[in-house]
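One letter stands for each residue in the lines below.
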Amino acid sequence: MLQYLTLLLDCPVVIAAIFICGFGGTFQYGFSVSAMTSPSAFIKQLVGEVCQDRYGVHLQEWQVSLIWSFLISIYCIGGLLGSLVAAPLVTRLGRKRCLLLNNFVTIAGAVLMLLSRTARSFEMIMVARLIYGISSGIGLSAHSIYLVECAPKRLRGMVGVTVATFASFGKFFAQLLGISEFFGTPEKWPWLLGFNGLAALLQLVTLPFLPESPRFLLLDRGDQQACETALRKLWGDKDYSTEVEEMLEEKAALEGVRSHSVLELIRNQSLRWQLLTILVGFTGLQLCGINAVYFYCFEVFRAAGIQEHQLRYAALGTGLCECLTSLACFMIIENTGKKVLMLRGYVGMSVVLILLTITIYFQEHVSWLPYCSMVLVFIFIFWFASGPAGATAPLPGELFTQQYKSAAYTIGCTISWLGLFALGMVFPIVEKHLHGFCFLIFLFFCVSCGLFFKFNVPEIKNCTALQVAAEFQKMHTKQEEPKHMKTDPLTFFTETPSNYAGVHPVCAADKTICTHKAEVSTCWTNFLQPK
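Note that this is a predicted model, so its numbers are computed, not measured. (Residues numbered from 1 in each chain as written. Predicted model: local features only at pLDDT ≥ 70, side-chain atom pairs only at ≥ 80, totals over all residues. Heavy atoms only, no water.)

Visitor: Help me out: how do you make sense of the overall build of the protein in this one?
Guide: A count of helical and extended segments in the protein gives 26 helices and 0 strands. Each of the 531 residues in the protein was classed as buried or not, and the buried ones make up 56%. Taking as baseline every contact in the protein between residues at least 6 positions apart, the subset at least 24 positions apart corresponds to 81%. With the model as given, the accessible surface of the protein reaches about 22,800 Å², and the carbon-plus-sulfur share is 66%. (Helix = DSSP H or I, 4+ residues; strand = E, 2+ residues; numbered from the N terminus. Buried < 20%, exposed > 50% of the residue type's maximum accessible area, 1.4 Å probe, protein only. Contact = heavy atoms within 4.5 Å. Areas by Shrake-Rupley, 256 points an atom, 1.4 Å probe, with all protein chains shown as cover.)

Visitor: In this structure, what is going on with a nonpolar patch on the surface? I would like to understand it.
Guide: Taken together, Val347, Val351, Ile354, Leu355, Ile358, Tyr361, Phe362, Leu434, Phe437, Leu440 and Ile441 make up a surface patch of nonpolar side chains, about 940 Å² in accessible area. Elements that contribute at least two residues to the nonpolar patch include exactly α18 (338-362) and α23 (439-456). It is α18 that contributes the most residues to the nonpolar patch, 7 residues altogether. Topologically, Ile441 is positioned in helix α23. We classify Ile441 as partly exposed; its relative accessible area is 36%. (Patch = residues over 30% accessible without salt bridge, like charges linked within 9 Å, V, L, I, M, F, W, Y side chains within 5 Å. Salt bridge = Lys/Arg side-chain N within 4 Å of Asp/Glu carboxyl O.)

Visitor: Help me out: how do you make sense of the environment of Glu212 in this one?
Guide: Within the element layout of this structure, Glu212 appears in the loop between α10 (195-206) and α11 (214-220). Residue Glu212 is classed as buried on the basis of its relative accessible area, which comes to 14%. Distance from Glu212 to Thr229, taken between C-alpha atoms, is 9.9 Å for residues 17 residues apart in sequence. Among residues more than four places away in sequence, those in contact with Glu212 are Leu93, Gly94, Arg95, Lys96, Arg97, Tyr146, Leu217 and Ala230. Of note is the side chain of Glu212, whose polar atom sits 3.4 Å from the backbone nitrogen of Arg95. Among the polar contacts listed, one links the side chain of Glu212 to the backbone nitrogen of Lys96, at a separation of 3.2 Å. (Polar contact = N/O pair within 3.5 Å; in protein donor to acceptor, adjacent residues only side chain to side chain.)

Visitor: Would you explain the nonpolar core in this entry?
Guide: Proteins that are soluble and globular tend to have nonpolar side chains buried together. Of all hydrophobic cores here, the largest spans 85 residues; its most connected members are Leu8, Phe31, Ile43, Val159 and Trp417. Per-element tally for this core: the top contributor is helix α7 (residues 122-150), with 13 residues. Split by domain, the residues of this core number at least three in each of domain 1 (1-210) and domain 2 (259-479). Counting 58 residues, the second-largest nonpolar core is a separate cluster that includes Phe282, Cys297, Phe452 and Phe472. (Core = buried A, V, L, I, M, F, W, Y, C linked by side-chain atoms within 4.5 Å. Domains from an automatic or database assignment.)

Visitor: What's the story with the packing of helix α3 (residues 26-35) against α7 in this structure? I'm lost.
Guide: With their axes 8 Å apart at the nearest point, α3 and α7 run at an angle of 145 degrees to one another. Classified by chirality, the crossing of α7 by α3 is left-handed. Contacts from Thr26, Gln28, Tyr29 and Ser32 of α3 reach α7 at Arg129, Tyr132, Ser136, Leu140 and His143. Its residues assigned to classes, the contact of α3 with α7 comprises 3 nonpolar, 5 polar and 1 charged. (Axes fitted to C-alpha atoms, helices over the stretch in contact; angles between N-to-C directions. Left-handed = near helix turned anticlockwise from the far one by under 90°. Nonpolar A, V, L, I, M, F, W, Y, C, P; charged D, E, K, R; others polar.)

Visitor: Teacher, can you tell me more about the confidence of the model for the protein here?
Guide: Fine structural detail should not be taken from predicted coordinates in areas where pLDDT scores are low. Predicted confidence across the protein gives a mean pLDDT of 82, with 88% of residues reaching 70 or more. This model gives residues 479-531 a pLDDT under 50, and the stretch forms 82 contacts once residues within four places in sequence are excluded. (pLDDT = per-residue confidence, 0-100.)

Visitor: So what exactly am I meant to see when it comes to the environment of Gly94 here?
Guide: Relative to the helices and strands, Gly94 resides in the loop between α5 (61-92) and α6 (95-119). Taking the C-alpha atoms as reference, Gly94 lies 9.0 Å from Tyr146; in sequence the two are 52 residues apart. Here Gly94 is in contact with Leu89, Glu212, Phe216 and Arg221, once residues within four sequence places are set aside.

Visitor: What am I meant to see in helix α24 (residues 465-476) here?
Guide: Since the α-helix advances by 3.6 residues per turn, residues separated by three or four positions end up pointing in the same direction. End to end, α24 covers 17 Å across 12 residues, agreeing with the expected 16 Å (1.5 Å per residue, within 8%). Those residues of α24 that fall on the buried side of the exposure criterion are Ala465, Leu466, Val468, Ala469, Ala470, Phe472, Gln473 and His476. (Expected span 1.5 Å × (residues − 1).)

Visitor: Would you mind going over the packing of helix α16 (residues 290-303) against helix α22 (residues 402-434) with me for this structure?
Guide: Packed helix pairs are characterised by how far apart their axes lie and by the angle those axes make with each other. Viewed as axis vectors pointing N to C, α16 and α22 meet at an angle of 45 degrees, and their least axial separation amounts to 11 Å. Considering the angle they form, α16 stands oblique to α22. As for how α16 packs across α22, the hand of that crossing is right-handed. Packed against α16, whose contacting residues are Asn291, Ala292, Phe295 and Tyr296, the element α22 presents Leu420, Leu423, Phe427 and Glu431 at the interface. Classifying every residue of the contact of α16 with α22 by side-chain character gives 6 nonpolar, 1 polar and 1 charged. (Parallel < 35°, antiparallel > 145°, perpendicular 65-115°, else oblique.)

Visitor: Is there a simple way to think about unusual backbone geometry in this case?
Guide: A negative phi angle is the norm for most residues apart from glycine, just as the trans form is the norm for most peptide bonds. Phi at Arg120 is positive, roughly 50 degrees, even though this residue is not glycine. Structurally, the position occupied by Arg120 is in the loop between α6 and α7. Residue classification places Arg120 among the partly exposed positions, given a relative accessible area of 34%.

Visitor: Would you explain the pattern of salt bridges in this entry?
Guide: For the structure shown, the criterion picks out 8 salt bridges. Through salt bridges that share partners, Glu49, Asp53 and Arg120 make up one connected network.

Visitor: Help me understand the side chain of Ser386 in this model?
Guide: Relative to the helices and strands, Ser386 resides in helix α19 (residues 369-386). Only 2.8 Å separates the side chain of Ser386 from the backbone oxygen of Phe382, close enough to count as a polar contact. In terms of polar contacts, Ser386 uses its side chain to reach the backbone carbonyl oxygen of Trp383, at 3.4 Å.

What follows is the structure in structure tokens.
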């Protein structure tokens, strides 16, 4: 662990990029998810008063709740729209410029939030939430791609975890600012909802000092000189020739290949296991039960004897637990590996969900069980933050080559937003009928995701996207290598072109021998039968 920290400390500009991108990226997402909880009563009151004064309509409680649910859910709709436009934006504008322009979108939403109470308009909150969602949808993809591409290969996992760390920090910070001592009051709540604008402004004035992604400059723009300048600024005056050579080899392999769309990625059979990994990973991230645990933590804390006015302060502990665990994941991921973290996380969450279902069901009959439930809530958050939360977000950037990366992030983020929207609409109904037994539904997803990563995903630590493709092919190929192929791969493919066609995913379209020497190991595991 210390060696990786030393390597990171030797790259101060990368550290700056982590913080600058974090506050303007996934911090916004986490903050927006949690910020609406504290002022909910004040906003509902505003809705009722506005409808009474403006339209002369007295809303019933269920009507106010319906409008409130739409205020919450429209954020997910905006996030979905942002995810769909993120891929072409980061490809055409570049990662850095996309992040910069996205801040103006966030600031526009923040201005509407700040003026909503003065203008007595809950419609402004609704529009602002939609704008925040669009900004978060774009920011999630651009932030993840930019950081992963700016980090050295050996630090890519560690740097990628910070994407989830800042989302956790955003949730905690929204909980903290939402208490009555800060912005959780009838007069100050618009400042809480408009805080995103301050984070966007911070990134807007600091991000221009960072370079563009080196991989984007070389692989998309073809500017090797600008790429080397960016690397020197990010990593210092060190020997980074190996990684530059890998990028050049990937550029040679991708010569003449354009960035592919989402539909083209879905149709590409050679990348089906990478695509399935993204589908399962991002689905599990939303449907593993973390939101249900946060929902039930108030009920558990009440049963444990915590006073109603102290529940907000107790809930701060859950946000702080997620932040600290995410930091711990940041420290250990390079030594542990992503597959192990994902597997441990889902297994741990599965066990906790079973125990939590039992303790919640019997907590009214046994006096000490609520305290067990409290402990289980924190243990569940620990397993989530140390596994799926930190390891899932950067997966598209590590599993796919440059021309598929944007499409992969679009698919992953779209699944996340759809899952969050569906959970927000369906979970209250499910909870009303099943109560604590609703955790059994999330248990199914945790077990399924754990089994998938156990048997279908190789370890990708310190691997390039092309090496990852080779590992997937090796894991899922059903045929054995012919005896005459158990020779040096380069010799075989260069000396026997008339009998076999080694088809690399990049070269699959023209069904020709892959002549890129650096990728022979990939072709070795993916070939056609003798002609």
